[in-house]
Amino acid sequence: MPDDDLKLLKEEGGFSRRDFLKIGAITVAVPAVIGPRVVEAAGEQVPLYGPGKTPITLNVNGKTLQAELEPRVTLLDALRDTFDHTGPKRVCNHGECGACTVLMDGKTVYSCSTLAIDAQGHQITTIEGLTQGEQIHPVSTAFVANDAQQCGFCTPGFVMSMKALLDEHPHPTPDQARRGLAGNLCRCGTYHGMQGVVAQGAGRKGA
């Protein structure tokens, strides 16, 4: 309700119960989706989002996906709950285990520790994006061939980290392999099989 109307109500003798309900109804009717506000900080114009939902556009596996999300929503929650990309797994939810690993512009990131709003303008790849029709990615094939998974819950994150490793180092040294996979944990302890995945991915035989 405009300020002038509120002032008029006060001058006419205060608020009645009906007036109060009208004001409450108008407040509830305000749209939940709002655009960014802009403030000046350190000489720059900085957008502020929230507290309500805001339009977000993500590029996931080459497709443009749009939704209205609160600024606090993580990339993991957006992928799983809004866009039905359930490959990234929620395990620790603290950026420690790597089960939620996805690629952002070709680099590994923990999607549980990345805000969806901050992922805008980047190329995001999940394990779903590695499959071409019925043809699975060579890294996924190598995981099966080397028995590098048991429960399989951490496997999507490992596959994404392994792909990023081999993209950067086609023939990684043991030290490069350890560093490349250091951000992922396997509670089943299939690390020996993953050594075979690295070797197969590098075009070598054996572990």
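Above this text you will find the structure in question.
Residues numbered from 1 in each chain as written. Predicted model: local features only at pLDDT ≥ 70, side-chain atom pairs only at ≥ 80, totals over all residues. Heavy atoms only, no water.

Trainee: Can you help me understand the packing of helix 4 (residues 138-145) against helix 7 (residues 191-201) in this one?
Mentor: Describing two packed helices takes the angle between their axes plus the distance from one axis to the other. The contact between helix 4 and helix 7 brings their axes to 9 Å, and the two run at 135 degrees. Viewed along their axes, helix 4 and helix 7 adopt a mutual orientation that is oblique. By crossing handedness, the relation of helix 4 to helix 7 is classed as right-handed. On helix 7, the residues that touch Val 139, Ala 142, Phe 143 and Ala 145 of helix 4 are Met 194, Val 197 and Gln 200. Considering only residue class, the contact of helix 4 with helix 7 consists of six nonpolar, one polar and no charged. (Axes fitted to C-alpha atoms, helices over the stretch in contact; angles between N-to-C directions. Helix = DSSP H or I, 4+ residues; strand = E, 2+ residues; numbered from the N terminus. Parallel < 35°, antiparallel > 145°, perpendicular 65-115°, else oblique. Left-handed = near helix turned anticlockwise from the far one by under 90°. Contact = heavy atoms within 4.5 Å. Nonpolar A, V, L, I, M, F, W, Y, C, P; charged D, E, K, R; others polar.)

Trainee: Is there a simple way to think about unusual backbone geometry in this case?
Mentor: Glycine aside, negative phi is the norm for most residues, and most peptide bonds take the trans geometry. Located in the positive-phi region is Asp 84, a residue other than glycine, with phi close to 60 degrees. Tracing the backbone shows Asp 84 in the loop between helix 3 (75-82) and strand 5 (101-104). Residue Asp 84 is classed as exposed on the basis of its relative accessible area, which comes to 61%. For Asn 93, which is not glycine, the phi dihedral falls at a positive 60 degrees. Tracing the backbone through its elements, the reader meets Asn 93 in the loop between helix 3 and strand 5. The exposure class of Asn 93 is partly exposed, given its relative accessible area of 38%. (Buried < 20%, exposed > 50% of the residue type's maximum accessible area, 1.4 Å probe, protein only.)

Trainee: Explain the pairing of strand 1 (residues 37-41) here, please?
Mentor: A regular strand places its side chains so that they alternate between the two faces of the sheet. As paired elements, strand 1 and strand 2 (residues 44-48) share five bridges and run antiparallel to each other. From the neighbouring strand, Glu 40 faces strand 2, where its bridge partner is Gln 45. (Pairing = 2+ DSSP bridges.)

Trainee: Would you mind showing me how to read the pattern of salt bridges here?
Mentor: Pairing is possible between side chains that carry opposite charge, provided their charged atoms lie close to one another. Across all of its chains, the model carries five salt bridges by this definition. For Glu 70, the salt bridge goes to Arg 72, with nearest N and O atoms at 2.5 Å. Given a relative accessible area of 27%, Glu 70 falls into the partly exposed group. We classify Arg 72 as exposed; its relative accessible area is 64%. As a salt-bridge pair, Arg 178 and Asp 175 come within 4.0 Å of each other at their nearest N and O atoms. In this pair, Arg 178 and Asp 175 both sit in helix 6 (residues 174-180), three residues apart, roughly one turn of the helix. According to the relative accessible area criterion, Arg 178 is exposed, its value standing at 55%. (Salt bridge = Lys/Arg side-chain N within 4 Å of Asp/Glu carboxyl O.)

Trainee: Help me out: how do you make sense of helix 3 in this one?
Mentor: Leu 75, Leu 76, Ala 78 and Leu 79 are the residues of helix 3 that are buried. Looking at the buried side of helix 3, the elements it contacts are strand 3 (54-60), strand 4 (63-69), strand 5 and strand 7 (123-125).

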